[in-house]
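Residues per chain are reported as follows:
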Amino acid sequence: MADGYRLSENIYFAQIGLRIGGATLAEYAKRFGVGASPHADLPAAPGQLSNTGSLDRPTLVADTSYGQGELLTSPLRMALIAAAIGRGGIMPTPHYALEVRDAAGNTIRTIAPTPAGQVVNPQTAAQVTQMLVGAVSGPGAYAYGAKIPGVNVAGKTGTAENPGGAPHGWFVGFAPAEAPTVAVAVIVENTPDGGVAAAPIGGKVMAAALGR
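Treat the numbers as computed from the prediction; the structure is a model and nothing was measured.

A. Representation of the packing of aromatic side chains in the model. Throughout the structure, instances matching the rule amount to 2 aromatic pairs. Considering the side-chain rings of tyrosine 12 and phenylalanine 13, the 5.2 Å spacing of their centres and the 85° angle between planes classify their relative orientation as edge-to-face. Under the relative-accessibility criterion, tyrosine 12 is labelled partly exposed at 23%. Put simply, the rings of Tyr5, Tyr12 and Phe13 touch in pairs and so form one group of aromatic residues. Across from the ring centre of tyrosine 28, 4.3 Å away, lies the NZ or CZ of arginine 31, which sits over that ring.

Take a look at the structure:
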């Protein structure tokens, strides 16, 4: 599995999806909020797992397992999924502001990303985190463009089908991997290579957030 993450191997994940089955895959997708609107301060698109909401045929299970098929999602949802893995399996509630200030500039309320629920156990999140670190810094890693000197970055690239046009390149990640303070999701439209186009943007955003 670590090699599957590092080399972004679609066939591996398709085989895993077929092994665990559509029902289990759909259950965990629901845990991570796929197909539901994030509980944010402003309305957000819900996305979908599939056109029917279920994974009822082998080809759809295989395609969905590596992020294609009929799956629709948003950068916000994917950033939340990355954050949940980085936070030991705890999904945060997103907010668009950090604090509220009065006319004099004094902070009167701090807005924190409160927990929305435990979606996977801490041990699973820790294992996935290590694989995501390998996907950025391991030999031949596809997400190498997100590297930050002196920081362990966890991340994964992706390619999203775009009917009628060129695919979109993705990167999701968080840092520092051992105690994350920033999570990102990047989509670059009409480019098939998330490793070349999206991962470097994600790395620069996280580096800026970390003061690097």
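Next comes the rest of the account.
B. Just the pattern of salt bridges, in detail. A full pass over the atoms with the stated rule returns 5 salt bridges. With its nearest N and O atoms 3.1 Å apart, the salt bridge here joins arginine 57 to glutamate 70. A residue pair is termed long-range when its members are at least 10 positions apart, and arginine 57 in the loop between helix 3 (22-31) and helix 4 (58-65) and glutamate 70 in the loop between helix 4 and helix 5 (75-86) qualify at 13 residues. Owing to a relative accessible area of 37%, arginine 57 belongs among the partly exposed residues under this scheme. With a shortest N-O distance of 2.5 Å, arginine 101 and glutamate 99 are connected by a salt bridge.

Rules used throughout
- Residues numbered from 1 in each chain as written.
- Predicted model: local features only at pLDDT ≥ 70, side-chain atom pairs only at ≥ 80, totals over all residues.
- Heavy atoms only, no water.
- Phe/Tyr/Trp six-rings, centres within 6.5 Å; stacked < 30°, edge-to-face > 60°.
- Buried < 20%, exposed > 50% of the residue type's maximum accessible area, 1.4 Å probe, protein only.
- Lys NZ or Arg CZ within 6 Å of the ring centre and 35° of its normal.
- Salt bridge = Lys/Arg side-chain N within 4 Å of Asp/Glu carboxyl O.
- Helix = DSSP H or I, 4+ residues; strand = E, 2+ residues; numbered from the N terminus.

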